[in-house]
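# Working through the structure, step by step
Given next are the chains, with one letter for each unit.
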Amino acid sequence: MKLNILNSLAVFKNGLISSKLLGAFLMITFFFATNPVSAMSSDFTVKEVKFVSEGVSLAGTIFKPDHAFAAVVIVHGSGQEKRMTEFATLLAKNGIAVLTYDKRGVGESGGTYAGPEVGTNNVDSLNLNLLSSDASAAVNLLSKNLVGNKIPIGLIGGSQAGWIIPLAARKNRNVKFMTIFSGALITVKKQLRFQFYTNGNSKFWDTHTEEDARQHIMNDPDKYEFVDTDPYNDLSQLSIPGLWIFGGQDIQVPVNLSIEYLNTLKAARKPYDYKLYPKLGHNTAFSSSDEPVRYAIEWMKNIKLTK
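All of the points below concern the structure found in this document. Keep in mind that this is a model prediction, so the values were computed, not measured.

## A closer look at the overall build of the protein
Of regular secondary structure, the protein possesses nine helices and 10 strands. Evaluated residue by residue, the protein yields a buried proportion of 56% over its 307 residues. In the protein, the share of contacts with a sequence separation of at least 24, taken over all contacts with a separation of at least 6, comes to 74%. As presented, the protein carries roughly 13100 Å² of accessible surface, and 50% of it is formed by carbon and sulfur atoms.

## Structural notes on empty space enclosed by the protein
Applying the stated criterion to the full structure yields three cavities of 30 Å³ or more. In this structure, the largest cavity spans a volume of roughly 60 Å³. Forming the boundary of the largest cavity are Val-75, His-76, Tyr-101, Lys-103, Arg-104, Leu-131, Asp-134 and Ile-164. Looking at the lining of the largest cavity residue by residue, the class counts come to four nonpolar, one polar and three charged.

## What about the packing of aromatic side chains?
The final tally for this structure, using the stated rule, is 12 aromatic pairs. Geometrically, the ring pair formed by Phe-87 and Phe-286 is edge-to-face, given 5.4 Å between the ring centres and 85° between the ring planes. Linking Phe-87 in helix H1 (residues 85-93) with Phe-286 in the loop between strand S10 (272-277) and helix H9 (291-301), this pair joins segments that are 199 residues apart in sequence. Accessibility assignment for this pair places Phe-87 and Phe-286 in one class, buried. When the ring of Trp-244 is compared with that of Tyr-272, the centres are 5.2 Å apart and the planes differ by 70°; the resulting orientation is edge-to-face. One end of the pair, Trp-244, is in strand S9 (residues 242-247); the other, Tyr-272, is in strand S10, and 28 residues separate them in sequence. Residue Trp-244 is classed as buried on the basis of its relative accessible area, which comes to 1%. For the cation-ring pair, Lys-275 lies above Tyr-277, with the distance from its terminal atom to the ring centre recorded as 6.0 Å.

## Quick word on the nonpolar core
Formed by 60 residues in total, the largest nonpolar core has its most connected members in Leu-155, Met-178 and Trp-244. In terms of residues, this core owes the most to one element, helix H2 (residues 125-145), which gives eight residues. Dropping the residues within four chain positions of it, Leu-155 is found in contact with Val-73, Val-75, Ala-135, Val-139, Ile-165, Ala-168, Ala-169, Val-175, Phe-177, Met-178 and Thr-179. Core analysis: the next-biggest nonpolar cluster, separate from the first, contains 28 residues, Ala-88, Ile-96, Ile-245 and Leu-280 among them.

## Focus: unusual backbone geometry
Its identity is not glycine, yet Ser-159 carries a phi of approximately 60°, on the positive side. On the accessibility criterion, Ser-159 (1% relative accessible area) is buried.

## Quick notes on the environment of Phe-196
In this fold, Phe-196 is placed in helix H4 (residues 188-198). Between the C-alpha atoms of Phe-196 and His-216, which are 20 residues apart in sequence, the distance is 9.7 Å.

## Quick word on the pairing of strand S8 (residues 175-181)
The element S8 is extensively covered by neighbouring structure, given that seven of its seven residues are classed as buried. Sheet topology places strand S7 (residues 153-158) next to S8; six bridges connect them, and they run parallel. For Gly-154, the partnering residue across the bridge sits in S8 and is Phe-177. With helix H3 (residues 161-171) bridging S7 and the parallel S8, this β-α-β connection has right-handed handedness. Examined bridge by bridge, S8 and S9 share four bridges and lie parallel to one another. Among the inter-strand pairings, Phe-181 is bridged to a residue of S9, identified as Ile-245.

## So, the layout of surface pockets
Taken as a whole, the second largest pocket encloses approximately 190 Å³ of empty space. The wall of the second largest pocket is formed by Ser-143, Leu-146, Val-147, Gly-148, Asn-149, Lys-150, Ile-151, Pro-152, Ile-153, Asn-174, Lys-176 and Leu-305. Residues of the lining of the second largest pocket, tallied by class, amount to six nonpolar, four polar and two charged.

## Here's the deal with the side chain of Ser-132
Its location among the elements puts Ser-132 in helix H2. With near-sequence residues (within four places) excluded, Ser-132 lies in contact with Ile-164, Leu-167, Ala-168 and Lys-171.

## A look at the packing of helix H6 (residues 210-219) against helix H8 (residues 255-267)
Angle between the axes and distance between the axes are the two parameters that describe a pair of packed helices. Between H6 and H8, whose axes approach to 10 Å, the crossing angle comes to 75°. Accordingly, the angle class assigned to the pair H6 and H8 is roughly perpendicular. Packed against H6, whose contacting residues are Glu-210, Arg-214, Ile-217 and Met-218, the element H8 presents Asn-256, Leu-257, Glu-260 and Tyr-261 at the interface. Among the residues making up the contact of H6 with H8, the classes are represented as four nonpolar, one polar and three charged.

## So, the pattern of salt bridges
Working definition: two side chains of opposite charge can pair if their charged atoms are close together. Scanning the entire structure with this criterion turns up 13 salt bridges. Across the pair Glu-108 and Arg-83 runs a salt bridge, and its minimum N-O distance is 3.8 Å. Placement of Glu-108 in the loop between strand S6 (96-101) and H2 and of Arg-83 in the loop between strand S5 (70-75) and H1 is noted, with a sequence separation of 25 residues between them. Between Asp-273 and Lys-266 there is a salt bridge whose closest N-O contact spans 3.6 Å. For Asp-273, a relative accessible area of 32% gives the class partly exposed. Relative accessible area serves as the criterion here: at 32%, Lys-266 is assigned to the partly exposed category.

Calculation criteria
- Residues numbered from 1 in each chain as written.
- Predicted model: local features only at pLDDT ≥ 70, side-chain atom pairs only at ≥ 80, totals over all residues.
- Heavy atoms only, no water.
- Helix = DSSP H or I, 4+ residues; strand = E, 2+ residues; numbered from the N terminus.
- Buried < 20%, exposed > 50% of the residue type's maximum accessible area, 1.4 Å probe, protein only.
- Contact = heavy atoms within 4.5 Å.
- Areas by Shrake-Rupley, 256 points an atom, 1.4 Å probe, with all protein chains shown as cover.
- 1 Å grid on protein atoms, 1.4 Å probe; cavity = no way out; pocket = protein on both sides within 12 Å on 5 of 7 lines; lining within 4 Å.
- Points joined across faces, edges and corners; volume = space filled by probe spheres on them.
- Nonpolar A, V, L, I, M, F, W, Y, C, P; charged D, E, K, R; others polar.
- Phe/Tyr/Trp six-rings, centres within 6.5 Å; stacked < 30°, edge-to-face > 60°.
- Lys NZ or Arg CZ within 6 Å of the ring centre and 35° of its normal.
- Core = buried A, V, L, I, M, F, W, Y, C linked by side-chain atoms within 4.5 Å.
- Pairing = 2+ DSSP bridges.
- Right-handed = clockwise from strand over helix to strand, strands pointing away.
- Axes fitted to C-alpha atoms, helices over the stretch in contact; angles between N-to-C directions.
- Parallel < 35°, antiparallel > 145°, perpendicular 65-115°, else oblique.
- Salt bridge = Lys/Arg side-chain N within 4 Å of Asp/Glu carboxyl O.

Below, the structure is given as structure tokens:
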């Protein structure tokens, strides 16, 4: 799977975006998006759907296995992502019902896409909250299509979705679990400080220490200004199971710092867990190893439905 890497960024000043480009520093898109499918197999059925969120019509596809153990809405990363049919097919073949949809302003979905490709800010709190409302509306639709199926419905996604999923889970009580690949547990601004520091250098951890990175994250002045988002605040108020999957060589997200925040939440009796793959990078879901996805699938299949 290839990553849809962002080719340009914008400088944020007073909540507005200047025309200056900074290179690929925002959270990269995590999943590879493919064209919508309309096929049907003996393992699962496929249904094209539309739903409304914040006055905008969004288009997607529901994959419904004959015998589902759990269900998920796939939440996008930061890019111009269409529905993720290949990933949805993989999940459906493993007994996970799925709703995947074109991000607002992309593909067959209405609305306006926000992102550096079009010169707008996609990490401002306003946009992250808007995208979380889309995910919440998708959960409601999936729930209606699974009436009679007593299975838990959750959210799954990676990278920027690590901020969006907790927001959506707080908005919608139908969300019973979260599965997050390479999502930061620190604020957006702190994550961007780290990403500017690593500068896309795949050998970053060969020449830098954890202490180097933390000093930069905590002390480097911000190069832009916008309304920040802190996932820790939302996660501290949720009580649904959550799984984070990390790659130890990640240069987009400071993994060890995120794990420390997770351990603090776990110590407060939050039902959160994580799995670390030391040799993998940011793209844990579609790396050379299928183990992270297999681990996530087995974890989701063991979620117990609660009220």
